[in-house]
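Descriptive structure summary
Residues per chain, in single letters:
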Amino acid sequence: MQKVVEIIKQRQRGQLLSEEAIALWQDWKWQVKHSIREISQVEEIFDVKLDAYQSNDIEKTIKSFPMAITPYYLSLVDPVDFKNDPVFKQAFPDKRELDIAKYDMADPLAEDKDSPVEGVTHRYPDRVLLHISNTCAMYCRHCTRKRKVGDVDSIPSKEQMLKGIEYIKKTPEIRDVLLSGGDPFLLSDEYLDWILGEISTIPHVELVRIGTRTPVVLPYRITDSLIEVLKKYDSLWLNTHFNHPREITEASKGVLKKLVGAGIPLGNQSVLLADINDSTDIMKQLVHKLVQNKVRPYYLYQCDLSEGLEHFRTPIGVGIEIMESLRGHTSGFAVPTYVVDAPGGGGKIPVGPNYMLSWSANKVILRNFEGVITTYHEPDAYKQTSNKLIQDATGIKPIGIQGLLSDFDDSITLTPSGISRREKE
Ligand SMILES: *Cc1c(COP(=O)(O)O)cnc(C)c1O
Ligand code: SF4
């Protein structure tokens with residue numbers, strides 16, 4: 001049997017593979033089993049030799065955050081200039097991952113704090129995140145959850161899964177369940193079918209979403225039998241994670257087409273990464289290629305404050321400039337929402353350019369993407385429809401800013417706790 005390194009080298013050279021090698025290559029289990037985990041394999045593939053210091057640094061990094069790169073994903077790297085390759089940089093460890101910056105946090109999104117039972121993050125009123133897998137096909141170097149992903153101690157057991165499902169069952173306000181991980185598609189078809197089956201029997205759950213990076217790093221995972229499982233569930237949405245236009249290959253296009261063919265709406269979440277996709281041109285190419293393949297760009301994330309990610313982070317202004325380059329300049333549905341996931345846990349906060357310049361009693365001054373400034377006259381007579389009747393009937397109290405705006409009760413302030421002048425009252 002051919003060695004994985006040889007097959008990758010043949011693909012790099014554009015040589016035809018034997019039938020046997022093609023069969024192995026397209027077998028997702030073979031890909032996972034033969035993931036690149038050794039520095040020596042990377043050296044062989046790119047014909048380099050790291051010096052003792054470099055390989056020592058990388059070994060140390062791998063001890064903290066394991067390396068696993070699918071042969072498929074590694075084969076997308078440009079062998080000539082691999083060090084500057086955006087695919088390589090998402091996959092290959094960097095000793096800077098061991099640097100902990102001043103504001104870094106182990107759990108920046110406080111997912112553990114908002115966890116009513118293990119494996120469930122319940123942060124928003126009507127939806128929960130269920131961590132159903134702890135492994136991934138490839139360990140992204142920029143992963144927010146890298147402290148957990150790949151850690152054998154936190155692999156969710158079936159009992160834990162049942163507890164999570166139980167929590168969803170007894171919490172009627174949950175109408176949307178996000179299956180996440182790790183990567184849910186690293187689980188077997190049967191197990192996924194079981195979880196989807198369990199959740200779909202809960203009457204108040206209206207939709208289920210799966211977040212997976214397999215279309216990017218392991219497209220062969222989307223087999224016909226997996227598609228058959230997914231097809232069984234109405235109201236299933238899928239979000240994937242393309243960060244760079246180079247990741248959209250013929251193989252990934254093929255699986256996107258299959259998923260769309262199965263009637264599954266597709267979204268994409270990208271992370272803004274320094275020196276990888278932090279440019280208006282790259283982002284525009286990415287969103288164009290996505291919509292061409294019927295994938296709606298959903299979120300562009302500001303890189304989180306997880307430990308060891310500082311070298312991936314950009315200023316927020318870089319993201320704002322990207323949003324400025326998209327809105328108006330291209331199809332509206334090709335424009336994702338740029339979000340900062342609130343450090344300390346507060347959920348996603350959308351940020352973007354300001355389009356409202358000023359207000360008066362009945363005028364709003366706006367600017368468009370070209371810088372044209374315009375005036376919107378508000379109606380002289382407008383009587384707002386009250387939501388009060390509906391709110392009284394359902395008894396659901398509007399929270400936060402929506403609560404201040406509504407007539408539900410008399411509250412006029414949101415006050416942080418711990419303000420000393422308030423405590424004296
Ligand atoms: C992102 C996220 C969701 C889903 O948010 P949407 O804006 O609805 O996509 C739900 N729960 C948690 C904890 C999340 O991080
Ligand atoms: S696929 Fe997602 S969860 Fe897995 S390592 Fe990459 S970013 Fe993290």
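Residues numbered from 1 in each chain as written. Chains lettered and ligands numbered in written order. Predicted model: local features only at pLDDT ≥ 70, side-chain atom pairs only at ≥ 80, totals over all residues. Heavy atoms only, no water.

What follows is about unusual backbone geometry. Following Gly 181, the chain continues to Gly 182 via a peptide bond in cis, the omega torsion being 10°. Here Gly 182 shows up in the loop between β3 (176-180) and α9 (189-200). Phi at Ser 235 is positive, roughly 60°, even though this residue is not glycine. Turning to its location among the elements, Ser 235 is positioned in the loop between α11 (224-231) and β5 (236-240). According to the relative accessible area criterion, Ser 235 is partly exposed, its value standing at 37%. A positive phi angle, close to 65°, is found at Lys 294, a residue other than glycine. Mapped onto the fold, Lys 294 is located in the loop between α13 (280-292) and β7 (295-301). (Helix = DSSP H or I, 4+ residues; strand = E, 2+ residues; numbered from the N terminus. Buried < 20%, exposed > 50% of the residue type's maximum accessible area, 1.4 Å probe, protein only.)

As a further point, take the site of ligand 1. Every residue lining ligand 1 is accounted for by Thr 121, Tyr 124, Arg 127, Leu 129, Leu 178, Arg 209, Tyr 298, Tyr 299 and Lys 348. Here an oxygen atom of ligand 1 sits 2.8 Å away from a polar atom, N or O, in the side chain of Arg 209. With respect to ligand 1, the side chain of Lys 348 contributes an N or O atom lying 3.1 Å from an oxygen atom. For ligand 1, whose free accessible area comes to 390 Å², the fraction covered by protein is 91%. (Near = heavy atom within 4 Å. Polar contact = N/O pair within 3.5 Å; in protein donor to acceptor, adjacent residues only side chain to side chain. Areas by Shrake-Rupley, 256 points an atom, 1.4 Å probe, with all protein chains shown as cover.)

The next thing to look at is the site of ligand 2. Neighbouring ligand 2 are the residues Cys 136, Met 138, Tyr 139, Cys 140, Cys 143, Gly 182, Arg 213 and His 241. Of the residues belonging to the shell around ligand 2, the class tally is five nonpolar, two polar and one charged. (Nonpolar A, V, L, I, M, F, W, Y, C, P; charged D, E, K, R; others polar.)

So, about the packing of α9 against α11. As a packed pair, α9 and α11 sit with axes 10 Å apart at the nearest point and diverge in direction by 5°. Taken together, the axis directions place α9 and α11 in an arrangement best described as roughly parallel. Every residue of α11 that contacts α9 at Asp 189, Leu 192, Asp 193 and Leu 196 is listed here: Ser 225, Leu 226, Val 229 and Leu 230. Class assignment of the residues belonging to the contact of α9 with α11 gives a composition of five nonpolar, one polar and two charged. (Axes fitted to C-alpha atoms, helices over the stretch in contact; angles between N-to-C directions. Parallel < 35°, antiparallel > 145°, perpendicular 65-115°, else oblique. Contact = heavy atoms within 4.5 Å.)

As a further point, take the domain arrangement of the protein. Accessible area lost when the parts come together is the quantity often used to give the size of an interface. For the protein, the assigned domains read domain 1 (2-94), domain 2 (120-350) and domain 3 (387-423). Here the C-alpha centre of domain 2 lies 24 Å away from the C-alpha centre of domain 1. Taken together, the contacts link 27 residues of domain 1 with 31 residues of domain 2. For the pair domain 1 and domain 2, the two sides together bury roughly 2,400 Å², of which 61% comes from carbon and sulfur. Together, Trp 28, Phe 65 and Gln 90 form the three largest contributors to the area buried by domain 1 at its contact with domain 2, with a combined 33%. (Domains from an automatic or database assignment. Buried area = accessible area lost by both parts, 1.4 Å probe.)

Here the focus is the side chain of His 131. With respect to the element layout, His 131 can be found in strand β2 (residues 127-131). By relative accessible area, His 131 is classed as buried at 14%. A polar contact of 3.3 Å, which involves the side chain of His 131, links it to the backbone oxygen of Gly 181.

Take the sheet that holds strand β10 (residues 356-359) next. Spatially, the three strands line up as an open sheet ordered β10-β11-β12, and their pairing is antiparallel. Two strands in the sheet have a free side with no partner beyond their single neighbour: β10 and β12 (373-377). Each strand of the sheet is rotated relative to its neighbour by a mean of 25°, with strand direction disregarded. Bridge analysis of strand β11 (residues 363-367) against β12 gives five bridges, and the strand direction is antiparallel. Paired with Arg 367 across the strands is Ile 373, a residue of β12. (Pairing = 2+ DSSP bridges.)

This brings us to the nonpolar core. Counting 89 residues, the largest nonpolar core has Tyr 73, Leu 130, Val 177, Leu 179, Leu 196, Ile 199 and Leu 230 as its most contacted members. Considering every element that reaches this core, the biggest residue donor is α9, with five residues. Summarising the domain contributions, this core has at least three residues from each of domain 1 (2-94) and domain 2 (120-350). The residues touching Leu 230, leaving out its near neighbours within four places in the chain, are Phe 185, Leu 196, Ile 210, Leu 236, Leu 259 and Ile 264. (Core = buried A, V, L, I, M, F, W, Y, C linked by side-chain atoms within 4.5 Å.)

The nine strands are arranged β1-β2-β3-β4-β5-β6-β7-β8-β9 in an open sheet whose pairing can be described as mixed. Both outer strands of the open sheet, β1 (120-124) and β9 (348-350), are each paired with one neighbouring strand and no more. Each adjacent strand pair in this sheet contributes to an overall mean axis angle of 30°, direction not counted. Taken together, the four bridges between β3 and strand β4 (residues 207-211) define a ladder with parallel strand orientation.

Below, the discussion takes up the state of the cysteines. For the structure shown, the criterion picks out zero disulfides. With no disulfide of its own, Cys 303 has Cys 143 as its nearest cysteine by sulfur position, at a separation of 10 Å. (Disulfide = S-S within 2.5 Å.)

Turning next to the pairing of strand β8 (residues 337-341). Within β8, four of the five residues are buried, which leaves the element mostly enclosed by the surrounding structure. Taken together, β7, helix α14 (residues 316-326) and β8 form a β-α-β motif whose crossover is right-handed. Judged from the three bridges that link them, β8 and β9 form a sheet pairing that is antiparallel. If you follow Val 340 over to β9, its bridge partner there is Ile 349. (Right-handed = clockwise from strand over helix to strand, strands pointing away.)

Turning our eyes to something else, we now look at the pattern of salt bridges. For side chains of opposite charge, pairing can occur when their charged atoms come near one another. Going through the model one piece at a time under the given rule, you end up with 23 salt bridges. Its salt-bridge partner being Glu 97, residue Lys 146 comes within 3.1 Å of it at the nearest N-O pair. You can see Lys 146 sitting in the loop between β2 and α8 (158-169) and its partner Glu 97 sitting in the loop between α7 (86-91) and β1, a full 49 residues away along the chain. With respect to burial, Lys 146 and Glu 97 carry one shared label: buried. Across the pair Glu 324 and Arg 367 runs a salt bridge whose closest N-O atoms are separated by 2.9 Å. (Salt bridge = Lys/Arg side-chain N within 4 Å of Asp/Glu carboxyl O.)

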